[in-house]
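Given next are the chains, with one letter for each unit.
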Amino acid sequence: MKDENWESLFFKYLDKVKNKKFSWKNWNCCNFVDQYISSVSDFSFIPNKTDWNNKKTALEAIRKHGDTFPDAVTSVMKQQNIEEINKNFISTGDIVLFKEKEHLLGVCDGRQVIAVSDDGLVTKPMSIAEKVWRIPNV
């Protein structure tokens, strides 16, 4: 459940991590979303004992939860009781699955999707969303 001050916490979180650069081990789209969820609620998105150090071990971790990244994310979201919503109703704080070269996760700031890149956080149009999840309110 989201803290009652979640919006303020969300924007403080974005400001804190805006310059972090991609790393398979410490800073990827899953870490970004997990730390966002932890910053505005009382739970974690990444299942316990899920860890990776590089692309190979990340793919192995994904396969423990589904055949593909979208399947794994959907499965984990369901386990965490994070509700999938119609992507046409995307709003601030929603978690977004999108695809460029590969599927990635981001978070909507109300105007765009914020995602991790090699150069820090980047923005993407909300129209890129394939699936969207909303953390329940208090």
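Preceding this paragraph is the structure being described.
Residues numbered from 1 in each chain as written. Predicted model: local features only at pLDDT ≥ 70, side-chain atom pairs only at ≥ 80, totals over all residues. Heavy atoms only, no water.

**Q** Can you help me understand helix H4 (residues 69–79) in this one?
**A** A turn of α-helix holds 3.6 residues, and therefore any two residues three or four places apart point the same way. Considered for burial, the residues of H4 that qualify are Phe69, Pro70, Ala72, Val73, Thr74, Val76 and Met77. The inward-facing, buried residues of H4 abut helix H2 (29–40), helix H3 (55–63), strand E2 (95–99), strand E3 (103–108) and strand E6 (129–134). Capping of H4 at its N-terminal end is provided by Thr68; its side-chain oxygen lies 3.1 Å from the backbone amide nitrogen of Asp71. One or two steps after H4, the chain reaches Asn81, where phi turns positive at roughly 60°. (Buried < 20%, exposed > 50% of the residue type's maximum accessible area, 1.4 Å probe, protein only. Helix = DSSP H or I, 4+ residues; strand = E, 2+ residues; numbered from the N terminus. Contact = heavy atoms within 4.5 Å. Polar contact = N/O pair within 3.5 Å; in protein donor to acceptor, adjacent residues only side chain to side chain.)

**Q** Help me understand the sheet that holds strand E1 (residues 83–85) in this model?
**A** Whether parallel or antiparallel, the strands of a sheet pair through hydrogen bonds between backbone atoms. Pairing is antiparallel in the open sheet, where six strands are placed in the order E1-E6-E2-E3-E4-E5. If you trace the sheet from one side to the other, it starts and ends with E1 and strand E5 (120–124), each paired once. Neighbour-to-neighbour, the strand axes of this sheet turn through a mean angle of 35°, independent of strand direction. Strands in contact with H2 are E2, E3, strand E4 (113–117) and E5; relative to E3, the strand with the most contacts, it is inclined by about 30°. (Pairing = 2+ DSSP bridges. Axes fitted to C-alpha atoms, helices over the stretch in contact; angles between N-to-C directions.)

**Q** What exactly am I supposed to notice about unusual backbone geometry here?
**A** Trans is the prevailing form of peptide bonds, just as negative phi is the prevailing case for residues other than glycine. One non-glycine residue, Asn81, lies in positive phi territory at about 60°. Inspection of the secondary structure assignment puts Asn81 in the loop between H4 and E1.

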